[in-house]
There are 6 protein chains.
Amino acid sequence: MIDPQAHAEILNQALPYIQAFRGQTFVVKYGGSAMKDPHLMEGVIRNVLLLDLVGIRCILVHGGGPEIDTWLGKLGLEKKTLNGLRVTDQATMDVVEMALAGRANKALVAEVQKAGGKAIGLSGRDADLLVADQISEELGRVGNVTKVNAEVLMVATSAGFIPVVCSVATDAKKQALNVNADSAAAAIASSVGASKLILLTDTNGVLSDKDDAHSTISQLTHAEARGMLDSGKADRGMIPKLEGALFALESGVDSVHMINGGVPNALLIEVFTHSGIGTMMTRS
Amino acid sequence: MIDPQAHAEILNQALPYIQAFRGQTFVVKYGGSAMKDPHLMEGVIRNVLLLDLVGIRCILVHGGGPEIDTWLGKLGLEKKTLNGLRVTDQATMDVVEMALAGRANKALVAEVQKAGGKAIGLSGRDADLLVADQISEELGRVGNVTKVNAEVLMVATSAGFIPVVCSVATDAKKQALNVNADSAAAAIASSVGASKLILLTDTNGVLSDKDDAHSTISQLTHAEARGMLDSGKADRGMIPKLEGALFALESGVDSVHMINGGVPNALLIEVFTHSGIGTMMTRS
Amino acid sequence: MIDPQAHAEILNQALPYIQAFRGQTFVVKYGGSAMKDPHLMEGVIRNVLLLDLVGIRCILVHGGGPEIDTWLGKLGLEKKTLNGLRVTDQATMDVVEMALAGRANKALVAEVQKAGGKAIGLSGRDADLLVADQISEELGRVGNVTKVNAEVLMVATSAGFIPVVCSVATDAKKQALNVNADSAAAAIASSVGASKLILLTDTNGVLSDKDDAHSTISQLTHAEARGMLDSGKADRGMIPKLEGALFALESGVDSVHMINGGVPNALLIEVFTHSGIGTMMTRS
Amino acid sequence: MIDPQAHAEILNQALPYIQAFRGQTFVVKYGGSAMKDPHLMEGVIRNVLLLDLVGIRCILVHGGGPEIDTWLGKLGLEKKTLNGLRVTDQATMDVVEMALAGRANKALVAEVQKAGGKAIGLSGRDADLLVADQISEELGRVGNVTKVNAEVLMVATSAGFIPVVCSVATDAKKQALNVNADSAAAAIASSVGASKLILLTDTNGVLSDKDDAHSTISQLTHAEARGMLDSGKADRGMIPKLEGALFALESGVDSVHMINGGVPNALLIEVFTHSGIGTMMTRS
Amino acid sequence: MIDPQAHAEILNQALPYIQAFRGQTFVVKYGGSAMKDPHLMEGVIRNVLLLDLVGIRCILVHGGGPEIDTWLGKLGLEKKTLNGLRVTDQATMDVVEMALAGRANKALVAEVQKAGGKAIGLSGRDADLLVADQISEELGRVGNVTKVNAEVLMVATSAGFIPVVCSVATDAKKQALNVNADSAAAAIASSVGASKLILLTDTNGVLSDKDDAHSTISQLTHAEARGMLDSGKADRGMIPKLEGALFALESGVDSVHMINGGVPNALLIEVFTHSGIGTMMTRS
Amino acid sequence: MIDPQAHAEILNQALPYIQAFRGQTFVVKYGGSAMKDPHLMEGVIRNVLLLDLVGIRCILVHGGGPEIDTWLGKLGLEKKTLNGLRVTDQATMDVVEMALAGRANKALVAEVQKAGGKAIGLSGRDADLLVADQISEELGRVGNVTKVNAEVLMVATSAGFIPVVCSVATDAKKQALNVNADSAAAAIASSVGASKLILLTDTNGVLSDKDDAHSTISQLTHAEARGMLDSGKADRGMIPKLEGALFALESGVDSVHMINGGVPNALLIEVFTHSGIGTMMTRS
């Protein structure tokens, strides 16, 4: 048990961090087990609210593979993948959109409201927030984000709401497309001029040895990350994260952080302490 | 085929209606078969956009019984009702929220975007827009709206977005409740100071003889509508509509309109022509 | 007699036109017999109000030759012209200003007010709105507009007033000059960034054969109009209209429309229907 | 010739007056010979501009009997009066409006512009600024102001324009009525919350002996002025001035000043010096 | 040494406090030894900055007895007191103002700037911020604050500056008066609608036994504090603090806190922890 | 004694000057005997207020050598100079800051308040308004202004306050430095885009013969002033004034005026009359 003076001294030490980040925008990609465990979810959301209250504009982006899988299972629809991507026929897309925009998104919004914040849940179809192109016939309703219409995010954050965005996009015909949430978060971070993109995952950041969970690389430059991708060293699930990170860095985001959402207060450790956890990527 | 001069003369005749309604807010409850037929949906949405463009602030509210039933069926969940209300256990509530917030809502938003408007889809859980209390243990997750937090609607309409709201509410624990869409629309109309509440249905308004689809009552006072409810003359599906209408009139809404959404351009006929269709209810 | 559904469908068809023109500015040069016939005047003004209400900023510009001639006649002053321009000695100028700023202008303002709009009448001497240089000694107080001080128009339209401007300008000594109303309208359209300049006349637009009222040219490019002027094919009264149109097109106005103000709802036909009437001029 | 130091000391002495009046609104009724002599007119306008520049919002109101008479004469129309009021048939009203709105008003506007200010000329028909009722059939188009729609004045002064208003009003049918300029000025002063109403006349204020131009009463209370009216002691031309003054005082105007516009810098003497000239009326 | 997770958890626990106080105004009376020890001063200022950054508007008020005594000593002026108040002849007042407005105030401002904040130093003579009446002839230039002109504080805080106010007031002749800093802080807290008034002292709050530094009363109601004053139990230096506290509570301030400024992070402990230190006074 | 008409005519003649200067910013360096004589001080302040009221934004800058010397004397500290600059050890700096920020500054602020204006006193340490570098070890705490953070001046003037700035700056460690007031005024004038820098002195401007008080040079170009400095013709006290003037002219200030503050209404004579007094410097 910490005494009040030690307690207060820790608050005191947050001053330079708050001074440095105040007025900036952070895009937080929320995912992995932190979405399944209610206690972890509550913790992440409270961390986001604290960032918001000290003057950092936060935008939450999420996907929800397990939620989708659960509903596909209940509906007796088979899950198919191709090169690690979900093959999404129209019937699957209907379930994807429902599970993300109708379930996962509203659960996160409710969590923010419960913690005393104000949130609006958005799909990429709302106000054409995320515009995408279909990747291929084979993958079906899977898309790449090609444009972000950020006006609705600006309106929401200016009015004090935390936007919670799910990874469903719109195509030119205003039909839904399934997009990767890491990529969507990176595209949003680029378009709103975020200073940080924080990816919450189930691993301890980027690993030098993908079989060793403790081999976290704490700092990674753009060139090094590009090297990992080019050399094929990156794990399949890591590819869209690294590509999103590279794109974000190229578009002016100062740093991309990949941290383990399962660690309590992971966001606060990363933002407000000297230690940091996981991997921080910067341009150089 | 109408010649250009007759055409222009009709536009010309819209002037006094636009002058009268400009700057007011209309809440449009969208429902019935107009939600199932894509062509009718497109027509209603275009009508709403036209109202919006001539300076009437529009808020769309919708439910989606058929969509819910479809998914319950696919999931093998039995539909149960009690006195005409859907008995909603937690498993059913999950499907209700998904079907409304994740499907019907986004389909309507996409339709507005396709027609060239800007829309944001909202659930009653977003920003605690609709707060409700559970009605009874027997009915399960079914609630009555007790409060409307309209700030998010104001922010959206001020920024030029058309809010599209589905009939899911939040309870004190931020859990989802299933609420009647007619009642939700009435509660919203009251809280935003709307001048008109327009209920799109599958019938030609309030009927004097519920078995005669042509027995539409074109004008109905608050007292007369109260009488219909008290005398038990009102059809079961009509009860929440009439109660919502009475509540809205008591809260300052000028008139409540019940019109057949299956009639092409029903909204424009009701708002912009001398004829009107369906039933108009006023305080006296 | 048109039934309500056909009626509403016509309103419905106005949607894409309103979406296209909303937020733009139209300068309407009002003239010809539409100014003498009270019924036509009322019709034009109601059309302008409708444009205004659907979000198009309208500025009315007018001259008033017949009104001037009437008063010259009553005062026993002879009307003199030189190459089709009114020779304007000081005594004539006094009558011109009175007839335009004191009669025609106020009659138009009153008509807007009667139709439920808000209008301010302005002379080019108000706030130095129209600055002109005298053309020649022989023509007397006749000028060419050299500068438009549009601030007062912006203040008026921003506050929801429709400006009604008569074709009297100020010279460097703040003395009144008589200017051509078509030219004044073109100068104003250029300076306020109007998208359309609409000239209401007594003919059916530009005629390919000036003796055949039915030989209207429906589309005319800048080059073709220049050709008509250079070849001397243009009617004397048509010259300032065509020159104003060319100037407006060169200054960024998207299109110039010359239409017959005597046709009921001419403005609405031109703006809101596929048909159009009269002549539309564009850059290419 | 005054030396620079005496000169500067006089400016210095203006400080407390400016501090007292800054932010207030003055309505100046401009009339009498100050309107006929160009040199006097220039002087008055420069005085008004100076008031405006030190932070006093000024509104100019004017009539123009001599200008009207001139044009009636030229047109061979007979001038008729009844109890000191101009009998105004429609033909006369046309001339009244032309002479006021088209001549006198624009001449004053031009004078403000020449002196480096920004002015907008307004008739009471613009934006329904002055609404009046016809007094009687016998007097024809003569009215009493019953309502002032001051919005256009607020818009103009907020944007830095000096409004110049002529004494023509609108009736319920938006037809022009001839109104007394002193009464119009009083009505405007009341409706805009002016602190001072200043009437420029040809006499040295209110006289105790109407045959002695030097018998100026320097201070007059509301009760005393009422007494003069009731006792029939007031000159015919003085009646509307005194009645306007009484109405203005009753409506919250702090003081009404009646001063000789023929005295150079009369406005500055009255506002900025200890001496004052003419008559000042206050509630008590 | 605390590990990063414990560290972050403590930040996490600040959330409800920030949510509760955000948008409120705190007036902090800075005094005692915390003003003499540079290290303590730096600590207090950093605490104030942290409050400011999480959205609490802070206003600092200070006196400076020791600084004054130092300069009186250097100048060979004798310090005289009467009933615990400094007898302030004009020569002493000159030194008081210099020492407070010219030394202590600017040292505090510099400390805020050094910590990365923005501060403006103000005397009660700036913009007539503190208006006071002289208490008695005997005490000389000593006053009681009778009015606070808070506009300058609002302008400063709205622009993001932290106002630092010293306890010098102005009298009706705009001459300086020496006022008690605790009273000045209470008057300011009342006039700006502060929710908390925090008095930093050299003792551990209000003591039940004035000779026992550890007999701190942690909670005190208005009635109890009034009782201490009436019973004469309060220490002389405590009297203006308690009277200021009572006045502040009566004027709508929610709570008054008396804490030991010598304890590191005393402000943060009091505001952000469950423990609190010193004495908190509330209405009941 | 001047009669009211001559009086008013002089006010009338101020019109073109007010029109020319309205909306501009003047920086007035206040110094010399005008600071010692209470009557002169009152006069200068009233002149500044008048400038302010006619729409000229005024910023007052002052030093206070005599005040400093008085307190050094009282404290028994020796005054040392080196090449005309005050050698300022830390003990002296403490006195400089107290005398300027705590005495002279507050006296001026009080004078503005007494005259009915609103003033805020500022040191260069407030909001880091004046940032300086130490000149040399020998001179001690003497600095050259290297940066002006003008935000606080903008906030103050926008809110209607007259800023009164004393010549104390901050260094990188937020310690006080003594700076020349003429140079500080020039730096401020440059950074706020002032049109005039007016230096009040004890002489009649720049003299062609420094021993002849009547040899005032009324106009001086930048080149001529540079010549005076280069040729060593300038008096020691004149050097920083001329250098400040040159810097100001190079930075966009239109004109620099050096006038005798001992002449009653010197500011008004210089700004509002044809005569002017003292020396006016312009770029060419």
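To start, this report covers the structure provided alongside it. None of the values given here were measured: they were computed from a predicted structure.

**A few points about the sheet that holds strand β8 (residues 162-166) of chain B**
All names here are of chain B. Reading across from one edge, β5-β8-β2-β1-β11-β13-β14-β12 is the order of the eight strands in this open sheet, with mixed pairing throughout. Each edge of the open sheet is held by one strand with a lone partner, namely β5 (119-123) and β12 (219-221). Going from strand to strand, the sheet's axes swing by 20° on average, the running direction of each strand aside. The sheet contact formed by strand β11 (residues 196-201) and strand β13 (residues 255-260) spans six bridges and is parallel. Counted as the bridge partner of Thr 201 is Asn 260 from β13. Across the sheet, helix α3 (residues 38-53) touches β1 (25-30), β2 (57-62), β8 and β11, and the angle it forms with β2 is around 150°.

**Considering helix α1 (residues 4-12) of chain D**
Along α1 of chain D, the residues classified as buried are His 7, Ala 8, Ile 10 and Leu 11 of chain D. Seen from one end, α1 of chain D has its buried residues packed into an arc of 155°, which puts them on one side. As for α1 of chain D, its buried residues are in contact with α1 (4-12), α3 (38-53) and α10 (266-272) of chain F.

**As for the interface of chain B and chain C**
If you look at the interface, chain B gives 30 residues, while chain C gives 30 residues. Elements that contribute at least two residues to the side of chain B that touches chain C include exactly α1 (4-12), α2 (15-21), α3 and α10 (266-272) of chain B. Considering every element that reaches the side of chain B that touches chain C, the biggest residue donor is α1 of chain B, with nine residues. Looking at side-chain class alone, the side of chain B that touches chain C contains 17 nonpolar, ten polar and three charged residues.

**Looking at the relation of the copies chain B and chain C**
There are two copies of the chain, and a rotation about an axis plus a shift along that axis relates them. For the pair chain B and chain C, the superposition axis carries a translation of 0.1 Å, the fit reaches an RMSD of 0.0 Å, and the rotation angle comes to 180°. Here the transformation between the copies is reduced to the relation of a two-fold axis. In terms of C-alpha distance to the rotation axis, chain B has Val 54 of chain B as its closest residue, with the C-alpha 2.3 Å off the axis. Of all interface residues in chain B, 100% are interface residues in chain C too; the two copies therefore contact each other through one and the same surface.

**Quick look at the packing of helix α8 (residues 222-230) of chain C against helix α9 (residues 238-250) of chain C**
All names here are of chain C. It is the contact of α8 with α9, at a shortest axis distance of 10 Å, that shows an interaxial angle of 150°. Seen along the crossing, α8 lies across α9 with a hand that is left-handed. Touching His 222, Ala 225, Arg 226, Met 228 and Leu 229 of α8 are Ile 239, Leu 242, Glu 243, Ala 245, Leu 246 and Leu 249, all from α9.

**Details of the relation of the copies chain E and chain A**
Superposition of chain E onto chain A requires a rotation of 180° combined with a translation of 0.0 Å along the rotation axis, giving an RMSD of 0.0 Å. Of all interface residues in chain E, 100% are interface residues in chain A too; the two copies therefore contact each other through one and the same surface.

What counts as what
- Residues numbered from 1 in each chain as written.
- Chains lettered and ligands numbered in written order.
- Predicted model: local features only at pLDDT ≥ 70, side-chain atom pairs only at ≥ 80, totals over all residues.
- Pairing = 2+ DSSP bridges.
- Helix = DSSP H or I, 4+ residues; strand = E, 2+ residues; numbered from the N terminus.
- Axes fitted to C-alpha atoms, helices over the stretch in contact; angles between N-to-C directions.
- Contact = placed C-beta atoms within 7 Å.
- Buried ≥ 20, exposed ≤ 12 C-beta atoms within 10 Å, placed from the backbone.
- Arc of directions from axis to C-beta.
- Nonpolar A, V, L, I, M, F, W, Y, C, P; charged D, E, K, R; others polar.
- Least-squares fit on C-alpha atoms with pLDDT ≥ 70 in both.
- Left-handed = near helix turned anticlockwise from the far one by under 90°.

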